[in-house]
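# Fold and geometry: a report
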2 protein chains.
Amino acid sequence: MSPNNQPEPNPSFARSMELFERARRVIPGGIYGHANPSLVGPGNSPYYATKASGCRYWDADGNEFIDYMCGYGPIVLGYQNREVEEAAEKQRHDGDCLNHPGPVMVDLAERLVSLVDFADWCVFGKNGSDMTTWALQVARQHTQRKKILMAEGAYHGIDPWCVPGHGGIIEEDRAHIHTFKWNDPQSLLDLAQIHADDIAAIITTPYHHPAFADSELPNNDFLAAIKDVRERHGCLWILDDIRAGFRLHLGGSHCYFGFTPDLACYSKAIANGYPLAACVGSENLKISSTKVFLTGSFWNGTVAMAAALKTIEILERDDGISRMEEMGTRLRNGLSQSAERHGLSITCSGPPAIPFLTFSNESNFFRSQHFSTECIKRGAFIHPHHNWFLSTAHTEADIDQTIAIADTAFESVKTRFED
Amino acid sequence: MSPNNQPEPNPSFARSMELFERARRVIPGGIYGHANPSLVGPGNSPYYATKASGCRYWDADGNEFIDYMCGYGPIVLGYQNREVEEAAEKQRHDGDCLNHPGPVMVDLAERLVSLVDFADWCVFGKNGSDMTTWALQVARQHTQRKKILMAEGAYHGIDPWCVPGHGGIIEEDRAHIHTFKWNDPQSLLDLAQIHADDIAAIITTPYHHPAFADSELPNNDFLAAIKDVRERHGCLWILDDIRAGFRLHLGGSHCYFGFTPDLACYSKAIANGYPLAACVGSENLKISSTKVFLTGSFWNGTVAMAAALKTIEILERDDGISRMEEMGTRLRNGLSQSAERHGLSITCSGPPAIPFLTFSNESNFFRSQHFSTECIKRGAFIHPHHNWFLSTAHTEADIDQTIAIADTAFESVKTRFED
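## Re the overall build of chain A
The number of helices and strands found in chain A is 12 helices and 13 strands. A compact globule built from 419 residues would reach a C-alpha radius of gyration of about 22 Å, and chain A, at 22 Å, matches this within 12%. Counting only C-alpha atoms, chain A reaches 65 × 55 × 45 Å along its principal axes. Taken over 419 residues, chain A has a buried fraction of 65%. Partitioning the intrachain contacts of chain A with sequence separation of at least 6 by distance along the chain shows that 76% fall at a separation of at least 24. For chain A, the accessible area works out to roughly 14,200 Å², and carbon and sulfur atoms hold 47% of it. Treating the 36 positive side-chain charges of chain A as one cloud and the 52 negative ones as another, the clouds have centres 3 Å apart.

## A short note on the relation of the copies chain A and chain B
Note on the copies: chain A fits chain B at an RMSD of 0.0 Å, the axial shift is 0.0 Å, and the rotation between them is 180°. Given the turn and translation reported, the copies of this chain are related as if by a two-fold rotation axis. Measuring from the rotation axis to each C-alpha of chain A, the shortest distance belongs to Glu172(A), at 2.7 Å. In this assembly the copies share their binding face: 100% of the residues contributing to the interface of chain A also contribute to that of chain B.

## A look at the environment of Cys265(A)
All names here are of chain A. Within the fold, Cys 265 resides in strand β9 (residues 263-266). Note on Cys 265: relative accessible area 0%, which makes it buried. When the C-alpha positions of Cys 265 and Gly 301 are compared, they lie 18 Å apart, and in sequence the two are 36 residues distant.

## Considering unusual backbone geometry
Its identity as a non-glycine residue notwithstanding, Cys70(A) has a phi of 50°, on the positive side. Mapped onto the elements, Cys70(A) comes out in the loop between β3 (64-67) and α2 (82-94).

## Details of the interface of chain A and chain B
Counting from both sides, the interface comprises 99 residues of chain A and, opposite them, 99 residues of chain B. Contact between chain A and chain B buries roughly 8,400 Å² in total, counting both sides, with carbon and sulfur atoms accounting for 58%. Counting the surface chain A buries against chain B, the share from its top three residues, Tyr32(A), Asn99(A) and Phe298(A), is 10%. For the pair chain A and chain B, the number of links is eight salt bridges. With its nearest N and O atoms 2.8 Å apart, the salt bridge here joins Glu110(B) to Arg22(A). Linking chain A to chain B there are 46 residue pairs in polar contact (both at pLDDT 80 or more). At the level of elements, α1 (14-26), β1 (49-53), α2, α3 (103-115), β4 (121-125), α4 (128-143) and α8 (286-290) of chain A are the ones that each hand at least two residues to the side of chain A that touches chain B. Counting residues per element, the side of chain A that touches chain B draws most heavily on α3(A), which supplies seven residues. For the side of chain A that touches chain B, a count of residues per class yields 49 nonpolar, 27 polar and 23 charged.

## Quick look at the nonpolar core
Membership of the largest hydrophobic core comes to 148 residues, with the highest contact counts inside it found for Leu112(A), Phe124(A), Phe246(A), Phe371(A) and Phe410(A). Considering each element in turn, this core owes the most residues, 10 residues, to helix α9 (residues 302-317) of chain A. Every residue in contact with Leu112(A), bar those within four places of it in the chain, is listed here: Ala119(A), Cys122(A), Phe124(A), Phe246(A), Ile270(A), Ala278(A) and Ile312(A). Judged by nonpolar contacts, the second largest core, of 147 residues, contains Leu115(B), Val303(B), Ile321(B) and Met327(B).

## What to know about the confidence of the model for chain A
Summary statistics for chain A give a mean pLDDT of 96 and a share of 99% for residues scoring 70 or more. In the model output, the complex is listed with pTM 0.97 alongside ipTM 0.97.

## A word on the domain arrangement of chain A
Residues and elements named next belong to chain A. Split by domain assignment, chain A resolves into domain 1 (14-62 + 319-418) and domain 2 (82-317). If you average the C-alpha positions of domain 1 and of domain 2, the two centres end up 27 Å apart. For the domain 1 and domain 2 pair, buried surface summed over both sides reaches about 1,700 Å², with 61% attributable to carbon and sulfur atoms. The largest contributions to the domain 1 side of the interface with domain 2 come from Ile 321, Pro 351 and Ile 354, which together make up 29% of the buried area. Our enumeration of links across domain 1 and domain 2 arrives at zero salt bridges. Where domain 1 packs against domain 2, one counts eight residue pairs in polar contact (both at pLDDT 80 or more).

## Regarding the side chain of Asp407(B)
Relative to the assigned elements, Asp407(B) resides in helix α12 (residues 396-418). A distance of 2.6 Å separates a polar atom in the side chain of Asp407(B) from a polar atom in the side chain of Ser338(B).

## Considerations on helix α10 (residues 320-341) of chain B
Residues and elements named next belong to chain B. In this model, α10 (22 residues) spans 31 Å end to end at C-alpha, consistent with the 32 Å of a helix rising 1.5 Å per residue. Of the positions making up α10, those classed as buried are Gly 320, Ile 321, Met 324, Met 327, Gly 328, Leu 331, Gly 334, Leu 335, Ser 338 and Ala 339. For α10, the arc enclosing every buried residue in end-on projection is 160°, short of the 170-degree limit, so these residues lie on one face. Across α10 from its buried face, at more than 90 degrees, point the exposed residues Glu 340 and Arg 341. Elements in contact with the buried residues of α10: α9 (302-317), β11 (346-349), β12 (356-359) and α12. Positive phi shows up at Gly 343, right after α10, with a value of about 70°.

## Topic: the packing of α2(A) against α9(A)
All names here are of chain A. Remark: α2 packs on α9, axes separated minimally by 8 Å, with the N-to-C direction vectors making an angle of 150°. Classified by the angle their axes make, α2 and α9 are roughly antiparallel. Like other packed secondary-structure pairs, α2 and α9 cross with a definite hand, here right-handed. Contacts from Glu 83, Val 84, Ala 87, Ala 88, Gln 91 and Arg 92 of α2 reach α9 at Thr 302, Val 303, Ala 306, Ala 307, Lys 310, Thr 311, Ile 314 and Arg 317. Tallied by class, the residues present in the contact of α2 with α9 amount to seven nonpolar, three polar and four charged.

The rules behind each value
- Residues numbered from 1 in each chain as written.
- Chains lettered and ligands numbered in written order.
- Predicted model: local features only at pLDDT ≥ 70, side-chain atom pairs only at ≥ 80, totals over all residues.
- Heavy atoms only, no water.
- Helix = DSSP H or I, 4+ residues; strand = E, 2+ residues; numbered from the N terminus.
- Rg over C-alpha atoms; globule rule 2.2 N^0.38 Å.
- Buried < 20%, exposed > 50% of the residue type's maximum accessible area, 1.4 Å probe, protein only.
- Contact = heavy atoms within 4.5 Å.
- Areas by Shrake-Rupley, 256 points an atom, 1.4 Å probe, with all protein chains shown as cover.
- Lys, Arg positive; Asp, Glu negative; His and termini not counted.
- Charge placed at Lys NZ, Arg CZ, Asp CG, Glu CD.
- Least-squares fit on C-alpha atoms with pLDDT ≥ 70 in both.
- Buried area = accessible area lost by both parts, 1.4 Å probe.
- Salt bridge = Lys/Arg side-chain N within 4 Å of Asp/Glu carboxyl O.
- Polar contact = N/O pair within 3.5 Å; in protein donor to acceptor, adjacent residues only side chain to side chain.
- Nonpolar A, V, L, I, M, F, W, Y, C, P; charged D, E, K, R; others polar.
- Core = buried A, V, L, I, M, F, W, Y, C linked by side-chain atoms within 4.5 Å.
- pLDDT = per-residue confidence, 0-100.
- Domains from an automatic or database assignment.
- Expected span 1.5 Å × (residues − 1).
- Arc of directions from axis to C-beta.
- Axes fitted to C-alpha atoms, helices over the stretch in contact; angles between N-to-C directions.
- Parallel < 35°, antiparallel > 145°, perpendicular 65-115°, else oblique.
- Left-handed = near helix turned anticlockwise from the far one by under 90°.

Okay, here's the thing in structure tokens:
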């Protein structure tokens, strides 16, 4: 299966590098944030994209990739989904950024409230952070308490209370943010005991998906501990479903794992790439939520809302969730079998639709980096340190082609590191 | 000029009210934030918009309005500007939300850096708040100090350090935010003396545009005091040009008023309604800026950046800034003359392109509310409590029609309140 008799691929990233050189002069770091190319493979990976369709995209040098990042999550139906683009275009023709909301805002709020079992109301923003930060404020307003408990290493956005890194952060920003260890019930219970009656909320992702580490699904004891703390101390449970939402369960990832939060935040895949975020909550929080001001220049934009309605409609109609689970499972099985054949020990973590792969017992990521570089140069874009994403546009043939590419990449890892 | 022999217009807002009733069930408050209809005229104004073109829009009941809010700022070339929409469509056809930035990000960063005199670099976000909050962090990182000085009543966004209102806010959020009075040099100098060597930055808008009050252009002594504090205490000056940017001067509103900040934040009008924000800064801050993490799921979106490049191109080519100044001046003169004719004392404040009108010596806003309601029912959408916006799509005929509408509205104010 390994195409060893093929010439070694050697794609050029020259045009990406030219653009990056120009960028570094006028943009700090050239490319910042999640797309920072130094996190993937400096010099050995695409830095700029120019075109995308379905589950594939093309970089500035014309290299084609089967995509496993989906724009870092938003693209759940494949790039340029025809039906979503048509719905967006229809709305755009009438107007996007207006003085008032469009009727589509009411339609979408009703749809989300009926879709998410515990939701009685909904608000919208543009960034995931808009919603996690607002949800924190709602919890503080509702409980009239300050403390927020979150899992160590969890990513909840870029606002000062949670941004990874410490540049420009002052101690007051995190004075009442306290961390417990994911899947460690005792660490949560101990933390809760310390802060007892000053806990406004526990904020969690539906499962733990830190960068540079395996994803971890929640264990039952841990979920039970969260419920226990919520009941005992009368605090709220905020679900940050920004990364996983609309990929694991159409009604929210809490349904996939079997629990019920008080507030849930969505963004990324909600509108297949159009900028939108939402927060839903239960009826008992509705009055408190009116007391926390929220607005944004583009937040009533109708086009992203029309795109969201169509994205949800298609996911439901075509059972896109099952499709991604199926293709993700096919990918995981193929990768596991291939690695095993090469005598490599890997860990496939995360739900199948949001998979991740690490080399077991590796602390320096050299194998991960080499593996992703080898996949990328053969046309499959995967990330060495950040979980991947499936879309409904990935076909069996795409997955199988990827497994074949990975097989060669595993062989290269074996040769370089273990022979 | 006053069409008193015309039948009293009596537009229906029934469809808006129906939508609002549905909205209230599933959205806290029904409509939140800047579009909150209770700020304009409950029951007497449009709540939902369905279509817009040029300087006009239509509400859910089919009522047509000459628009003086421009989506609360973003629409600077008129709704549905053909050239901007074509540029956006061309980019959208290739891809919007991708794994990497597009080449357009480099083009736009180069354009902004060449456009803004003091700018050496640029980053992008989606909301104005994304940029003001990040700029604060850059200032804190660069100076390794905590204190931020801002004008009382200034609006800098919705993050906890600056959001209007106190719902969900804890004292730590604003522990190092201190306010001075706009255009009061002594209040700034006194405040600076208290915090002396712990001041990271002064943040200001280019001119003061609080809601529920006249706009105030900066006086020379006040600008001199800011410069003095910056030099004496070695802090930065952050310009929040989100509301005024791209309407007063193409190179940034600081050029209109004749000063130079260290960092400037833009959003609203930058891409004629497409969601985008930017922060530019001087070379000496470039290294510090790389130390403050920033990212967002949709922040590398190419379509808004393509729209921004085209918006700037058109504003420059057609001298849109002069056009808005001219039409704003025509509007102000017409309103002033009409009010005077009716024996009403009004205050027209703000730069002509971002005008505002209040009734002099009025503390309860009853005249403002009645005036705006009368204008709205005759087809000119103006806001009683928030500054207005001109676009390059407003023609002499639109302005003159608006002045005629205002003339009738002034007459009604006179009759109701002063006869």
